[in-house]
Amino acid sequence: MPWETAESADVLAAQVVLNKPLATAYTYLVPSELREQIGVGQRVRVPFGRGDRAEIGYVIDLGPPQATSRKLKRVLDVLDREPLVTPKMLQLTRWIADYYLCGWGQVLHGVVPAGVRKLSGTRLLTHFRPTALGKQAYEALSLSKKQRAAFEVLLSANQPLRGEEIATAADCGTGPINALKHKGYVEVVRLREETASYETEAAEAETDFIANEEQQNALTEIHRTLRAGEHRTILLHGVTGSGKTEVYIQAIREIVSYGRQAIVLVPEISLTPQTIRRFRTRFDSVAVLHSHLSDSERHWHWTQIAAGKVQVVVGARSAVFAPCPHLGLIIIDEEHETTFKQDSVPRYHAREVARERSRLEDVPLILGSATPTLESWHRVQTGEDQLISLHKRVGKLPLPPVVVVDVRNDPLVRKGSAIGRALGSAMRLALQDGGQVILFLNIRGFSPAIWCPACGASVKCRDCDITLTWHKDKRKALCHSCGIEEDAPRICPSCGNNAMRQVGTGTQKLEEEVRAKFAGITCARMDSDAMKKPGSHDTVLTAFRHGEIRILLGTQMIAKGLDFPNVTLVGVIDADTLLHQPDLRASERTFQLIAQVAGRTGRSSKGGRVFVQSASPSEPAIRRASEHDYLGFVTDEMRDRESMAVPPFRSLARVILRGDNETAVRTHAQEMAKLLQKTGEQRSLAVEILGPAPAPIAKLKGQYRYHFQLSAEGLDPIRELWRIVESDLPAAAGVEYVVDVDPVNMR
Ligand code: ADP
Ligand code: ZN
């Protein structure tokens, strides 16, 4: 019977949160035999639901039970010997659950790495230590010479030792140790030891640069905040090449001198050896957390960080949870990157989590970008955050001139070329002068559509509402959503016509064109298809750095962060790919991308130029980016956002429903929206419900998708409404839903 009535004053109860979208914690009695082992932050196994299925949850509190008359179930088992999360991390994860409308247990499950839960890379080993009996009577014990030697080794060690260690030190076999054990003078303890170490070789130390005037001014401000030892968010807006990283490094130097640690978040694709080197050459101990770590590596780093042995943690999104014991500073580089938002539960944004964590720990947060998000800019405008600007590139280098080419009048593009006449001649010139070229195109594959000229239909994935992309290397049509690979139809599935055409250009086709037009010039393609093998990314970048590759073409992967002085030309093949997306941030993304790609050139006295091909050259996002006019762009865009009543002026939560049966999904979406609407009115909560409607990707992996949005001034009314309605939401068989607070992905 798992039941027990809690009546004695001497009972202990555990509050447990489970890996479920539940806002509540459940109370369980702690049986007396588990009292010694259980602790807050550890995992336990508990019976849950009608069938008392055993579930794993985290203990978030311990104490006498609240309602003494209620019948409580009992904790079955304690899984961890040590807490996996600190009290501070409990506070932070609770905030995340609250803010992102998910379960606290889900957050804990999501942020404690599997390798840490499983203690990967460690094993239990047998150790020996003297017993009380052995210690007491040591002088009088009747022992053989070897036994005495072994025993003395143990006594002087002052800590449990492994059999081999004793045997080596006492120059004996295992016999004497076993004899001591039999006599009750020593006992066995099982201790956990690391089986592997992932120490990195120390990089050659380099000295800091002498900060230029702008950097110095920024640092003076930052140091003031650091010394004040309080929370504050600083937006470091610095044009590409203005030396933001150097500012981060010297800010970290300050807090390391106080014995504190820093966390630096960068987008995953920026975790290149180049970036890592920049930190490793300046600090003694740097941990790099990327997504390819094995469980045991991750666990090892976690332990090192928690022990305070790491000065700087550099990592992608989830490094915001690094268990630094004396955190002094958090930095988010390229804060505008959408990869800082997690696309699965918990759907947190590392920037918001970092903001909360630095508030809880009273430390500053620095957000760096050449193209800050409207959200961050808005916070500066309202006075919530502090702005520090770097207007100029290091070494007084000018920003590169940008030419916008209207491809509607380009004879070559009209004939199907990806590289237009102007860009082509600019490439020839740059190469003649010994420079290198970067070509950016946001579409991978060979052709993004297979199209029927007779009926105008393009071939879609059978499971997704997405057109298939032709991949010439595989001779297959691929769905970029679900990854399915199919033979491309020769006959139109809609009308039976047998002259299907591949239309549009992806990176594979661009590569073919470059190789044909620039025969004899070395060229490499960098996109997720070409860079499947681990390390291939680094190999290509190294070859490019050494000039062994003259033309580098690719997707997002090459758009950001790269710092190659010999790149004298950047070409954007199609600036419009992001512009016509059904997304309130379409302009912002277009601006950011062009500004970032343009930032890859003009990084030395050789100078550099940018050619941006577009069919809508007068689009403000494109025009402003070509003028390097962030302020102009953000001013216009801010006005548009305000008039459209969208973020950063309103808060949004997006509810996405999916299921096999389209009618069921639609009906359920309508019922949910109606219930929210009605409850909102009853409670006088100013929440607007927008939709429901089919999601922009109306079908994904065979499931129909609908969505609607909750919009309000600030998140509070949305959260309040959701929490009221959540438990009453009608269940529908075969329909699942998720809530996405502050959604970034609108598809
Ligand atoms: P950002 O991140 O703002 O684009 P980086 O940090 O990449 O700029 O800096 C651009 C280049 O300038 C890098 O090669 C960097 O090493 C160099 N640099 C930065 N600060 C200085 C300085 N004070 N003196 C000399 N070189 C610097
Ligand atoms: Zn698909």
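These lines cover the structure that appears in this document, whether it is placed above or below. (Residues numbered from 1 in each chain as written. Chains lettered and ligands numbered in written order. Predicted model: local features only at pLDDT ≥ 70, side-chain atom pairs only at ≥ 80, totals over all residues. Heavy atoms only, no water.)

Turning our attention to the overall build of the chain. Of regular secondary structure, the chain possesses 22 helices and 32 strands. Against the globule reference of 27 Å for 747 residues, the chain gives a C-alpha radius of gyration of 30 Å, in line with a compact fold. Overall size of the chain, expressed as C-alpha extent along the three principal axes, is 100 × 65 × 55 Å. Looking at the chain residue by residue over its 747 residues, the buried ones come to 53%. Long-range pairs, those at least 24 residues apart, make up 75% of the contacts in the chain between residues at least 6 apart in sequence. Accessible surface computed for the chain: about 34100 Å², of which carbon and sulfur atoms make up 49%. Of the charged side chains in the chain, 95 are positive and 88 negative, and the gap between their average positions amounts to 4 Å. (Helix = DSSP H or I, 4+ residues; strand = E, 2+ residues; numbered from the N terminus. Rg over C-alpha atoms; globule rule 2.2 N^0.38 Å. Buried < 20%, exposed > 50% of the residue type's maximum accessible area, 1.4 Å probe, protein only. Contact = heavy atoms within 4.5 Å. Areas by Shrake-Rupley, 256 points an atom, 1.4 Å probe, with all protein chains shown as cover. Lys, Arg positive; Asp, Glu negative; His and termini not counted. Charge placed at Lys NZ, Arg CZ, Asp CG, Glu CD.)

Bringing the coordination of the zinc ion (ligand 2) into the picture now. The protein atoms that coordinate the zinc ion (ligand 2) are Cys-461 (SG), Cys-464 (SG), Cys-479 (SG) and Cys-482 (SG), at distances of 2.3 to 2.4 Å. Given four donor atoms and angles of 103 to 113 degrees at the metal, the environment of the zinc ion (ligand 2) is assigned as tetrahedral. Along the chain, the residues donating to the zinc ion (ligand 2) are arranged with the sequence spacing C-x2-C-x14-C-x2-C. Comparing Cys-461 with Cys-464, the two get one shared label, buried. (Donors = N, O, S within 2.8 Å, 3.2 Å for Na, K, Ca; no water. Tetrahedral: all angles 85-135°; square planar, octahedral: opposite > 155°, others 65-115°.)

Take the site of ligand 1 next. Neighbouring ligand 1 are 17 residues, the closest being Gln-215, Gly-241, Lys-244, Arg-278 and Asp-563. Here an oxygen atom of ligand 1 and a backbone polar atom of Gly-243 are 3.1 Å apart. Within the side chain of Thr-245, a nitrogen or oxygen atom sits 3.1 Å from an oxygen atom of ligand 1. Within the complex, the protein chains bury 77% of what would otherwise be the 560 Å² of accessible surface of ligand 1. More than half of the atoms of ligand 1 fall within 2 Å of the grid points belonging to the second largest pocket. (Near = heavy atom within 4 Å. Polar contact = N/O pair within 3.5 Å; in protein donor to acceptor, adjacent residues only side chain to side chain. 1 Å grid on protein atoms, 1.4 Å probe; cavity = no way out; pocket = protein on both sides within 12 Å on 5 of 7 lines; lining within 4 Å. Sits in = over half its atoms within 2 Å of the grid points.)

Formed by 111 residues in total, the largest nonpolar core has its most connected members in Val-313, Phe-321, Leu-552, Phe-708 and Leu-710. Contact partners of Val-313, with chain neighbours within four places excluded, come to Ala-262, Ile-263, Val-264, Ala-287, Leu-289, Ile-305, Ala-319, Ala-322 and Cys-324. (Core = buried A, V, L, I, M, F, W, Y, C linked by side-chain atoms within 4.5 Å.)

A few words on the pairing of strand 16 (residues 364-369). Extensive coverage of strand 16 is indicated by the burial of six of its six residues. The side-chain alternation of strand 16 yields two buried faces, one formed by Pro-364, Ile-366 and Gly-368 and the other by Leu-365, Leu-367 and Ser-369. Pairing analysis gives six bridges linking strand 11 (residues 232-238) to strand 16, with the strands arranged parallel. Opposite Leu-236, over in strand 16, you have Gly-368 as the bridge partner. Looking at chain direction, strand 15 (residues 327-333) and strand 16 are connected through four bridges and run parallel. Its bridge partner lying in strand 16, Ile-330 is registered against Leu-365. In this region the chain leaves strand 15, passes through helix 12 (residues 350-360) and returns to the parallel neighbour strand 16; the handedness of that crossover is right-handed. (Pairing = 2+ DSSP bridges. Right-handed = clockwise from strand over helix to strand, strands pointing away.)

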